[in-house]
Amino acid sequence: MKQYEVFQMKFCGKEMAEDQVNVPVKAEFTLGGKTTEVRGFCTGEGNFAVRYLPLESGTCTYRVEYPGADGRTEILEGSEEVAPAESGTHGPVRTAGTAFAYEDGSSYIPFGTTIYALPAQSGAQIEQTLETLKQAPFNKLRMCVFPKYYDFNREDPELFPFERGEGEKKWNVRRPCFAFWDKLDDILIRLNNLGIEADLILFHPYDCWGVSELSMEEATTYLEYVVRRLAAFPNLWWSLANEYDLMDYTEGEWKEFAAFIGAMDPWGHLLSNHNFVHPWDFADKNTTHCCLQSSDAVKIPDLLKKYEKPVMYDEVGYEGNIPYNWGNLSAFEEVNRFWKIFCYGGYATHGETFMEKMDDSQVLWWSKGGTLKGESPKRIGFMKELAYSLPALMTFYETRQVPETQEELRKLVDSGQPGISDNSVFRCMCRITEPEFEHMREFMSQPVLHHGDQVFLAYLGDACTICGMMELPQTGKYRVDVIDVWEMTRKTVLEEVNGSVQVPLPGKTGMAVLAVKTGE
């Protein structure tokens, strides 16, 4: 065994003809004084497996029970030494306040991409996609378990997750298609080798095969097999659905799914749920982070305050040229949204939707992978390199503090506080309606990240100004760099400054300003 790597044990026993999901295979692994209970899974033809993910090094003892060929329970006991993790292997991603970090405490900043239907593609298509990902900057990948039926996605996949008998209309979720799950295993393993987290989407509404119409019992049986088989992968995230609110399950049923996975997953992988219109209840105790279809970056600070969890904008719109407004962003706008979201304290996910003609033969990265055609990935790579050069826990703050409610602002205005009571804008904001107040409050908040008094990062986005103001601490000395997010350049413009600083800018969009403390 090795720390942070999947340990698998295989057994040959009794053939399970009727139910190949709820099989009586279980194990206990004890490491570092902690015992982890794990349920095994069927791999076909009377074969079973148990998977374990050791989170530390040391001596691990185990006890496994499984049905032998004669039907009697077989017991296997033993021990294994768990070697320390290899260099560059960090374990599962966890939340760290409103940010993320690996199990070993090292920084993880998500720069994701989307390939919804990757497991449904041919072997050659998957190979080409993985080769592309080797050179791409992405360290997270959103993909679905089920195939997707939508424009540019009309083909039947070679394999489905379950079996269905000849003439049968319903899927038999108690009989997994083991070839499909072997294929998904291989994708997860290879993504892990590339340092890419797999954000696995468990349900979605885009379907013509009936896989979106599972009853609660069938859906829970499916989840049972998914968790038994996949939970030991270190690079796994659970996404309950893509656009969950387009499906027929109730809010309560979705919470049952979240609770089921939370109880079943021994390693507590990250879990969230993605919306179409109505955001998921991120206060749900089994939900680890916010996941939204949005590009409205100004909402992020309020989400961070409300839920105290990381905020992922997993669908911000895609760079491409298809006729749908969600899939024809310019490369600059894709990059622009990444920077805005990051400097408001959140994280964004990339997508790409280029076509040559309007038919289903087109291979769009967003659904099928293949090769990247856009201009945004290399600029996202530049952004990623910069982000990883900064302190791990950067937090958002508003340089112009505006109270969250009108009532709070009125109290400050009435108190005669300098800078507030004598400010005509603030006095006006006391008189407008609540929606207008919220709009003004968002308008007046500037996207700035900081780490204590050490680093300040501001993004000017669409502004075309020849100078900008940056409010730095009155003490200390700072170097100020101007970053062109499109040209991917970084230039020092000021040194040994502090306080309110006027920063010279080139009068074009897509500029960021980075101030780093260099002395006392």
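In the block above lies the structure referred to throughout.
Here's a quick rundown of the structure. In this text the structure is predicted, and so the values were computed from the model without any measurement.

The rules we used
Residues numbered from 1 in each chain as written. Predicted model: local features only at pLDDT ≥ 70, side-chain atom pairs only at ≥ 80, totals over all residues. Heavy atoms only, no water. Pairing = 2+ DSSP bridges. Helix = DSSP H or I, 4+ residues; strand = E, 2+ residues; numbered from the N terminus. Axes fitted to C-alpha atoms, helices over the stretch in contact; angles between N-to-C directions. Parallel < 35°, antiparallel > 145°, perpendicular 65-115°, else oblique. Left-handed = near helix turned anticlockwise from the far one by under 90°. Contact = heavy atoms within 4.5 Å. Nonpolar A, V, L, I, M, F, W, Y, C, P; charged D, E, K, R; others polar. Buried < 20%, exposed > 50% of the residue type's maximum accessible area, 1.4 Å probe, protein only. Right-handed = clockwise from strand over helix to strand, strands pointing away.

A few words on the pairing of strand E6 (residues 58–67). Here is the key point about a regular strand: its side chains alternate between the two faces of the sheet. Where strand E2 (residues 26–31) and E6 come together, 6 bridges link them in antiparallel fashion. Residue pairing across strands places Ala-27 opposite Val-64, the latter belonging to E6. Of the strand pairs in this sheet, E6 and strand E7 (residues 73–82) are connected by 10 bridges, and their pairing is antiparallel. Bridge pairing in E7 places Thr-61 opposite Ser-79. In this antiparallel pair of consecutive strands, E6 and E7, the connection spans 5 residues, and Gly-71 shows a positive phi of 95°.

A few words on the packing of helix H3 (residues 216–230) against helix H4 (residues 251–264). Orientation of H3 relative to H4, taken along the N-to-C sense of each, is 25°, at an axis distance of 10 Å. In terms of their interaxial angle, H3 and H4 are classed as roughly parallel. Considering how the two elements wind past one another, H3 and H4 form a crossing that is right-handed. Residues Met-216, Ala-219, Thr-220, Leu-223, Glu-224, Val-227 and Arg-228 of H3 form the contact with H4, whose own contacting residues are Glu-253, Glu-256, Phe-257, Phe-260, Ile-261 and Met-264. Looking at the contact of H3 with H4, its residues break down into 8 nonpolar, 1 polar and 4 charged.

Taken in spatial order, the 4 strands line up as E3-E2-E6-E7 in an open sheet, and their pairing is antiparallel. Strands with a single pairing partner mark the edges of an open sheet, and in this sheet they are strand E3 (34–39) and E7. Each adjacent strand pair in this sheet contributes to an overall mean axis angle of 15°, direction not counted.

Bringing the pairing of strand E11 (residues 140–144) into the picture now. Among the 5 residues of E11, 5 are classified as buried, and the element is accordingly described as predominantly covered. Of the two faces of E11, the one holding Lys-140, Arg-142 and Cys-144 and the one holding Leu-141 and Met-143 are both buried throughout. The sheet contact formed by strand E10 (residues 112–114) and E11 spans 3 bridges and is parallel. Residue pairing in the sheet places Thr-114 in a bridge with Arg-142 of E11. Taken together, E10, helix H1 (residues 123–135) and E11 form a β-α-β motif whose crossover is right-handed. Inspection of the sheet shows E11 paired to strand E14 (residues 197–203) by 5 bridges, in the parallel sense. Bridging across to E14, Cys-144 finds its partner in Ile-201.

In this section: the environment of Tyr-4. Within the secondary structure, Tyr-4 is located in the segment before strand E1 (7–12). Along the sequence, Tyr-4 and Pro-54 sit 50 residues apart, while their C-alpha atoms lie 5.6 Å from each other. Setting aside residues no more than four positions away along its own chain, Tyr-4 makes contact with Leu-53, Pro-54, Leu-55, Ala-85, Thr-89, His-90, Gly-91, Pro-92, Glu-103, Asp-104 and Pro-234.

Read from one edge of the open sheet, 3 strands run E1-E5-E4, paired in antiparallel fashion. Two strands lie at the open edges of the sheet, namely E1 and strand E4 (41–44), each paired on one side alone. Put simply, the sheet's adjacent strands are angled 30° from each other on average, direction ignored. Looking at chain direction, E4 and strand E5 (residues 47–52) are connected through 3 bridges and run antiparallel. Directly across from Cys-42, in E5, lies its bridge partner Phe-48.

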